[in-house]
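Descriptive structure summary
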Amino acid sequence: MFKDNFKEFINKLFSGNQSNLTKIFSTISIVWMVFIGYLIWWNGMQSPGFNKSFKWDEWIWFGLVPAIVPFIFYLIWKKKD
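A short tour of the structure in this document, coming up.

For the protein chain, the helix and strand inventory stands at three helices and zero strands. Secondary structure elements in the protein chain, listed N-terminal to C-terminal, are α-α-α. Here the C-alpha atoms of the protein chain give a radius of gyration of 16 Å, more than 25% beyond the 12 Å that 2.2 N^0.38 yields for 81 residues. Projected onto the principal axes, the alpha-carbon positions of the protein chain cover approximately 55 × 25 × 20 Å. Taking all 81 residues of the protein chain together, 21% fall into the buried category. For the protein chain, restricting intrachain contacts to residue pairs at least 6 apart in sequence, the fraction spanning at least 24 positions comes to 59%. For the protein chain, the exposed surface amounts to about 6800 Å²; the carbon and sulfur share of it is 71%.

As structure tokens, then:
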């Protein structure tokens, strides 16, 4: 059931037939993930150690999870048509 709702939501999101509110939330989520990714990259470049690699675990917890959670809540609380 959740899997079907998720597939329907993804298809609706990329079909171009979404509401303005969905477009706004999608844009905010993408901008948030890119901004946090930039901050994590910049922080890694400024670190005094030898490891200058991108910290994927920080990006997942501080960039990806906060951007996806509102959509999960939307899918859970969405009224059936």
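Applying the stated rule across the entire model yields five aromatic pairs. Centroid distance Tyr 38 to Trp 41: 5.8 Å. Interplanar angle 40 degrees. Geometry classified as tilted. Here Trp 41 and Tyr 38 lie together in helix H2 (residues 20–46), a separation of three residues that amounts to about one turn. Residue classification places Tyr 38 among the partly exposed positions, given a relative accessible area of 45%. You can call Trp 41 partly exposed: its relative accessible area is 39%. When the ring of Trp 41 is compared with that of Trp 42, the centres are 6.2 Å apart and the planes differ by 55 degrees; the resulting orientation is tilted. Its relative accessible area of 42% is what places Trp 42 among the partly exposed residues.

The next subject is the nonpolar core. Core analysis: the largest hydrophobic core is formed by five residues, namely Met 33, Ile 36, Ile 40, Trp 59 and Ala 67. When contributions to this core are tallied by element, the ones reaching two or more residues are H2 and helix H3 (56–77). Top element by residues in this core is H2. It accounts for three residues. Once you skip the residues sitting within four places of it in the chain, Trp 59 turns out to touch Met 33, Ile 36, Gly 37, Ile 40, Phe 54 and Leu 64.

About the cut-offs
- Residues numbered from 1 in each chain as written.
- Predicted model: local features only at pLDDT ≥ 70, side-chain atom pairs only at ≥ 80, totals over all residues.
- Heavy atoms only, no water.
- Helix = DSSP H or I, 4+ residues; strand = E, 2+ residues; numbered from the N terminus.
- Rg over C-alpha atoms; globule rule 2.2 N^0.38 Å.
- Buried < 20%, exposed > 50% of the residue type's maximum accessible area, 1.4 Å probe, protein only.
- Contact = heavy atoms within 4.5 Å.
- Areas by Shrake-Rupley, 256 points an atom, 1.4 Å probe, with all protein chains shown as cover.
- Phe/Tyr/Trp six-rings, centres within 6.5 Å; stacked < 30°, edge-to-face > 60°.
- Core = buried A, V, L, I, M, F, W, Y, C linked by side-chain atoms within 4.5 Å.

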